[in-house]
Amino acid sequence: MLLARYQHEFIEAGCDEAGRGCLAGPVFAAAVILPDDFDHHLLNDSKQLTEAVRYKLRAEIEQKAIAHAVASVDNHEIDEINILNASFLAMHRAIAKLHLKPQFLIIDGNRFNRYADTPHHCIVEGDAKYFSIAAASILAKTYRDDYMKQIATEHPEYDWHSNKGYPTIKHREMVLKIGYTPYHRRTFRVSDPQLSIF
């Protein structure tokens, strides 16, 4: 069962990202402040939900959240500062876009670069423990999926409408066969799927 808050003294925002392990496209992040009485029986880590449920929950989260924001860091910035720092930067950008300034942050994962003077706490698998982080994971995931579906029309051979930029066998085969697009992360290694051990 997910919890509403990590602490009850300060205005709290949950943060999460989507797309760290992809070969192409930006990393997206979201920050969400939910009311204390928020509850939803379906809300969970976005990876545990179907696409249809994620989009249904996104509409409810955006309707009921006190504040929410989504931001991204593109593949060129990822190549410049590395994916870990890009993930933190995307979260910073999302937090900065909130119309209500949070006084405390709960972050999915075990590392984070401090945002301004706002205290934070990192929570491993936090998207399966706290509503606000789960909500952030859903917003980050669905907005990134929307973006990848949009650019998939420019490069249909990479199957982004299905794999969303993750390193599937077909995606890796096409990179090795025809090369990178302007959306690919050049610093990410692409191995031959025939040599991979599954």
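Structure: above.
Residues numbered from 1 in each chain as written. Predicted model: local features only at pLDDT ≥ 70, side-chain atom pairs only at ≥ 80, totals over all residues. Heavy atoms only, no water.

Peer 1: I'd like a rundown of the overall build of the protein, residues and numbers included.
Peer 2: Looking only at helices and strands, the protein has six helices and five strands in total. In the protein, the succession of α and β elements from N to C terminus is β-β-α-β-α-α-β-β-α-α-α. Compactness check: the protein gives a C-alpha radius of gyration of 17 Å against a globular reference of 16 Å for 198 residues, within 12% of the reference. By its C-alpha atoms, the protein is 55 × 35 × 30 Å across when sized along the principal axes. For the protein, buried positions account for 53% of its 198 residues. Taking the intrachain contacts of the protein between residues at least 6 apart in sequence as the baseline, contacts between residues at least 24 apart amount to 65%. (Helix = DSSP H or I, 4+ residues; strand = E, 2+ residues; numbered from the N terminus. Rg over C-alpha atoms; globule rule 2.2 N^0.38 Å. Buried < 20%, exposed > 50% of the residue type's maximum accessible area, 1.4 Å probe, protein only. Contact = heavy atoms within 4.5 Å.)

Peer 1: Now, about the sheet that holds strand 5 (residues 120-123): what can you tell me, with residues and values included?
Peer 2: The five strands lie next to each other as 3-2-1-4-5, forming an open sheet whose pairing is mixed. Pairing within the sheet leaves two strands with one partner each, and these edge strands are strand 3 (67-73) and strand 5. When strand polarity is set aside, the average angle formed by the axes of neighbouring strands in this sheet is 20 degrees. As defined by bridge partners, strand 1 (residues 12-18) adjoins strand 2 (residues 27-33) across five bridges and the pair is classed as antiparallel. If you follow Ala18 over to strand 2, its bridge partner there is Phe28. Along the sheet face, helix 3 (residues 83-97) touches strand 1, strand 2, strand 3 and strand 4 (104-108) and points at about 145 degrees away from the line of strand 3. Docked against the sheet, helix 4 (residues 131-152) engages strand 1, strand 2, strand 3, strand 4 and strand 5, running at close to 35 degrees with respect to strand 1. (Pairing = 2+ DSSP bridges. Axes fitted to C-alpha atoms, helices over the stretch in contact; angles between N-to-C directions.)

Peer 1: Summarise the nonpolar core; cite the residues concerned and give the values.
Peer 2: Within the largest apolar cluster, 36 residues are counted, with the highest numbers of intra-cluster contacts made by Leu105, Phe112 and Trp160. Tallying contributions element by element places helix 3 first for this core, with eight residues. The residues contacting Trp160, other than those within four sequence positions of it, are Ala24, Met148, Ile151, Ala152, His155, Gly165, His171, Thr181, Tyr183 and His184. Ranked by size, the runner-up nonpolar core spans 20 residues in total, among them Phe28, Phe38, Ile61 and Ala134. (Core = buried A, V, L, I, M, F, W, Y, C linked by side-chain atoms within 4.5 Å.)

Peer 1: Could you give me a rundown of the pattern of salt bridges, with the residues and numbers involved?
Peer 2: Per the stated rule, a full pass over the model turns up eight salt bridges. The closest approach of N and O atoms between Lys149 and Glu51, which form a salt bridge, is 2.9 Å. With a gap of 98 residues between them, Lys149 in helix 4 and Glu51 in helix 1 (residues 51-64) connect regions that are remote in the sequence. Close ionic contact of Arg58 with Asp146 constitutes a salt bridge, the shortest N to O distance being 2.9 Å. Of this pair, Arg58 sits in helix 1 while Asp146 sits in helix 4; the two residues are 88 residues apart in sequence, bridging distant segments of the chain. Judged by its relative accessible area of 14%, Arg58 is buried. Overall, Asp146 belongs to the partly exposed group, its relative accessible area being 30%. What emerges from the salt-bridge pattern is a single network uniting Arg5, Glu12 and Asp36. (Salt bridge = Lys/Arg side-chain N within 4 Å of Asp/Glu carboxyl O.)

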